[in-house]
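What follows is each chain in one-letter form.
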Amino acid sequence: MSAVQGSRASGSSAGGGRGGGGGRRGGVLGARRWTAAVFLLPALLLLGALVVYPIVFSVYRSLFDASGDGFVGLGNYGAMFSDDGIRTALRNNVVWVVVAPTVSTVLGLVFAVLTERIRWGTAFKLIVFMPMAISMLAAGIIFRLVYDQDPERGVANAVWVGIHDTFADPAPFPGARPRPGSVLAPSGGGGFATRSAVRAGSAVNLPLVAVQPGDVRGARPAAVAGARPGRVTGTVWLDFTRGGGGRPGVVDGNEKALAGLTVEAVRGGRVVASATTAADGTYVLPAGADGARLRLPAADFAEAYGGVEWLGPALVTPAIIGSYVWMWAGFAMVLIAAGLAGVPRELLEAARVDGAGEWQVFRRITVPLLAPVLVVVLVTLMINVLKIFDLVYIIAPGSSIRSANVLALQLFQSSFGTDVDEGLGSAIAVFLLLLVLPVMYVNLRRIRKERRR
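Since the model is a prediction, treat every value here as computed from it, not as a measurement. (Residues numbered from 1 in each chain as written. Predicted model: local features only at pLDDT ≥ 70, side-chain atom pairs only at ≥ 80, totals over all residues. Heavy atoms only, no water.)

## Points about the packing of helix α2 (residues 75–82) against helix α13 (residues 422–452)
At a minimum axis separation of 9 Å, α2 and α13 run at an interaxial angle of 80°. Taken together, the axes of α2 and α13 lie roughly perpendicular to each other. Facing Asn76, Tyr77, Met80 and Phe81 of α2, the residues of α13 in contact are Gly423, Leu424, Ala427, Ile428, Val430 and Phe431. (Axes fitted to C-alpha atoms, helices over the stretch in contact; angles between N-to-C directions. Helix = DSSP H or I, 4+ residues; strand = E, 2+ residues; numbered from the N terminus. Parallel < 35°, antiparallel > 145°, perpendicular 65-115°, else oblique. Contact = heavy atoms within 4.5 Å.)

This is the structure:
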C-alpha cells in the first residue's frame, strides 16, 4: 500500500515537472514573439507610413477631381487614356521597356564573355562600370552636351560631321550671294545664273557678297580675266573692300578672289561645260559654252553640314535610351560576369573538344546556363525603366519634351507642373504601380524557385 502511494507520488511529481517544463517553454516562445514584434514594429511603422499609406491615399485621390472635392470615380483613368500627351508617354514607355533592358543586357553579356579572354579585362570592366557611379542628374547634363546640335560643342555631332565631311566636300563659300543688280539672279534650288546667255570671246565677271571672313582668310587678291578668242572667261570675287572706297561690280586691287567655285554653262537645262575658279578667282570655259547661261550651282553656297538633330522630335527617345544604356550596360555586365564565373569550365572545354565552334558554345551552353542571371538583369532593368524620369526631364529640350514624354514625367507634370491636377497625377501613379506589379510577381516567383533548389 505504501509502495503504491509512493509510486503515485513519484508519478505525480514527474508529471508536475513536465507540466512546469511546458509552461517555461510556452513562456520563452511568448517572450520571443514579443521581442520579435518589438524589433519589427519600427520597420512596420515605416513601411506603413512610406509605402502602404501613399498607395492607399493615391488610389483614393485618383477617384476625385483636381480640387479634391468632387468625386469622379474612374473619370481620371478615362481622361488618362484619352489625353494625347499621356498616350505618347505610354507608347514611349513601351519602347523603353522593350529596347533599353534588352540592349543593356545584350551588351552586358557580350562584354562579360569577351573580357574573359583579354588581358586587361578587369580594367575594361572597371571603365564600363564607372558610369554607374554617376547620378542620373549628372549623366543627363553630360548627354545634353553630347547631343548638342552645334558640332563645336556636341561630341556626337562633331564625330558625325567629321565622318560626313570625309566623304562629302563642304561648300567653299556657304551663305554667299550675288551683289544686288549684278548679272546674276537666283536660278532656283539655291543656285544663281546669269540673266542672259554669254558669248565666246567675252569676259563675264561674277561678283559675290556675304562671304564669311574666315572663308577668305589667306585668299589671294582677285585678278581681272582677259577676254580670249573662242573661250568664255571671267572672275568670281568678293566684291567688297574693307574700309570702303571700292567700286561695285569692278575688281578692285584689294578685293579677294573666290577660289574653288564651280562655274557651269547651261543650255536647254543641260550642263554643257564647267570649270573651277583658280586661286586668283579666274575661270575659263571652252567654246561649247557659247550661247549658254552661266550658273553657280547651289553646292557652292550650301550651308555647312550641321549634323543630326539628336534631340529633335524624331530621335529624342532613342538618344535618351542611348544615354541610359551607357549607364546601365556596366551593371548588366558585372552581374552576368559573376554568373559566368560559376559556369563549369569542363562543359565548355568538352564542347570544344567535341568540335563545337565558339558561337555554338556561346549559344548552346553559355547562354542557357546564364539564363537565370539574364532574367534577373532583364527584370531589374524593366522595373527601373518603368520609373525613368530624370534622364528624360534633363536631356529633352523644351521643343521635344512632348515627343520624349514618359509616364513618370507625365506624373510629375500633372502633379506639380503648370496645370496641376492631383487626381489625374494619382491615377497615373496607380497605373504605374499596376504596370510594375506583374514584373515584381515574376521576380518573386523566380526567387521562390531558387530557394526551393
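## Overview of the side chain of glutamine 410
Looking at the element boundaries, glutamine 410 is found in helix α12 (residues 407–416). Excluding its chain neighbours within four sequence positions, the residues that come into contact with glutamine 410 are Gly85, Ile86, Asn405 and Ile428.

## Some points on the sheet that holds strand β1 (residues 177–178)
As summarised here, the arrangement of the 4 strands in space is β1-β4-β5-β8, forming an open sheet in which the pairing is mixed. If you trace the sheet from one side to the other, it starts and ends with β1 and β8 (282–285), each paired once. Here 3 bridges tie strand β4 (residues 206–209) to strand β5 (residues 232–238), and the two strands are oriented parallel to one another. Residue leucine 206 lies in a different strand from β5, and its bridge partner there is valine 236. (Pairing = 2+ DSSP bridges.)

## Overview of unusual backbone geometry
Notably, alanine 210 is not glycine yet its phi reads approximately 60°, a positive angle. In this fold, alanine 210 is placed in the loop between β4 and β5.

## Some thoughts on the packing of aromatic side chains
This model, assessed by the stated rule, comprises 18 aromatic pairs. Measuring from ring centre to ring centre gives 5.3 Å for phenylalanine 81 and phenylalanine 431, while their planes differ by 90°; the resulting arrangement is edge-to-face. Of this pair, phenylalanine 81 sits in helix α2 while phenylalanine 431 sits in helix α13, and the two are 350 residues apart along the sequence. Among the residues examined, phenylalanine 81 registers a relative accessible area of 41% and is labelled partly exposed. With 5.3 Å between their ring centres and 55° between their planes, phenylalanine 389 and phenylalanine 412 make a pair best called tilted. Placement of the pair is phenylalanine 389 in the loop between α10 (371–386) and α11 (390–395) and phenylalanine 412 in helix α12, with a sequence separation of 23 residues. Classification of phenylalanine 389 by relative accessible area gives partly exposed; the value is 23%. Classification of phenylalanine 412 as partly exposed rests on a relative accessible area of 31%. A network of ring pairs unites the aromatic residues Phe143, Tyr147, Trp160, Trp310 and Trp326 as a single cluster. (Phe/Tyr/Trp six-rings, centres within 6.5 Å; stacked < 30°, edge-to-face > 60°. Buried < 20%, exposed > 50% of the residue type's maximum accessible area, 1.4 Å probe, protein only.)

## Observations concerning the nonpolar core
Within the largest apolar cluster, 47 residues are counted, with the highest numbers of intra-cluster contacts made by Trp96, Tyr147, Ile320, Tyr324 and Leu391. Counting only elements with at least two residues in this core, the list comes to α3 (84–114), α5 (136–146), α7 (316–341), α8 (345–353), α9 (358–369), α10 and α11. Excluding its chain neighbours within four sequence positions, the residues that come into contact with leucine 391 are Met136, Ala139, Gly140, Ile320, Ser323, Tyr324 and Ala396. Counting 26 residues, the second-largest nonpolar core is a separate cluster that includes Val211, Ala273, Tyr283 and Leu285. (Core = buried A, V, L, I, M, F, W, Y, C linked by side-chain atoms within 4.5 Å.)

## Some points on a positive patch on the surface
Together, Arg445, Arg448, Lys449, Arg451 and Arg452 give the surface a local cluster of positive charge. Position of arginine 451 among the secondary structure elements: in helix α13. (Patch = residues over 30% accessible without salt bridge, like charges linked within 9 Å, V, L, I, M, F, W, Y side chains within 5 Å. Areas by Shrake-Rupley, 256 points an atom, 1.4 Å probe, with all protein chains shown as cover. Salt bridge = Lys/Arg side-chain N within 4 Å of Asp/Glu carboxyl O. Lys, Arg positive; Asp, Glu negative; His and termini not counted. Charge placed at Lys NZ, Arg CZ, Asp CG, Glu CD.)

## Some thoughts on the layout of surface pockets
Size it by volume and the largest pocket reaches roughly 620 Å³. If you trace the largest pocket, you find 22 residues lining it, with Ser58, Leu411, Ala429, Val430 and Leu432 closest to the centre. Looking at the lining of the largest pocket, the elements that each hand over two or more residues are α1 (2–61), α12 and α13. At 9 residues, the largest contribution of residues to the lining of the largest pocket is made by α13. (1 Å grid on protein atoms, 1.4 Å probe; cavity = no way out; pocket = protein on both sides within 12 Å on 5 of 7 lines; lining within 4 Å. Points joined across faces, edges and corners; volume = space filled by probe spheres on them.)

## Structural notes on the sheet that holds strand β2 (residues 184–188)
Judged by pairing direction, the sheet is antiparallel, and its 5 strands sit side by side in the order β2-β3-β9-β6-β7 without closing on themselves. With one partner strand each, in any of the chains shown, β2 and β7 (270–276) form the two edges of the open sheet. The average angle at which neighbouring strand axes cross in this sheet is 35°, direction not considered. By the bridge criterion, 2 bridges tie strand β3 (residues 191–194) to strand β9 (residues 293–296) in an arrangement that is antiparallel. Its bridge partner being in β9, alanine 193 is matched across the sheet by arginine 295.

## Description of the pattern of salt bridges
Counted according to the given criterion, the structure contains 10 salt bridges. Between glutamate 358 and arginine 352 there is a salt bridge whose closest N-O contact spans 2.8 Å. One continuous salt-bridge network, built from bridges that share partners, spans Glu349, Arg352 and Glu358.

## Here we look at α5
Think of an α-helix as turning once every 3.6 residues; residues three or four places apart then point the same way. Of all the positions in α5, only Met136, Ala139, Gly140, Phe143 and Val146 are classed as buried. Across the axial projection of α5, the buried residues extend over an arc of 120°, all falling on one side. Counted as exposed and oriented over 90 degrees from the buried face of α5: Leu137 and Leu145. Those residues of α5 hidden inside the fold are in contact with α6 (155–167), α7, α10 and α11. (Arc of directions from axis to C-beta.)

## Observations concerning the confidence of the model for the chain
Overall, the predicted model of the chain reaches an average pLDDT of 86, with 93% of residues at or above 70. Note on residues 1–20: pLDDT under 50 across the span, and 0 contacts to partners over four residues away in sequence or across chains. (pLDDT = per-residue confidence, 0-100.)

## Here's the deal with the environment of tryptophan 326
Turning to its location among the elements, tryptophan 326 is positioned in helix α7. When neighbours within four sequence positions are excluded, tryptophan 326 is seen to be in contact with Pro131, Ile134, Ala139 and Phe143.

## Description of the pairing of β3
Across the two faces of β3 the burial is the same, with Gly191 and Ala193 and Phe192 and Thr194 all buried. Across 4 bridges, β2 lies against β3 in antiparallel orientation. Bridging across to β3, proline 186 finds its partner in phenylalanine 192. Counted between consecutive antiparallel strands, the loop separating β2 from β3 contains 2 residues, among which glycine 189 sits at a positive phi close to 75°.

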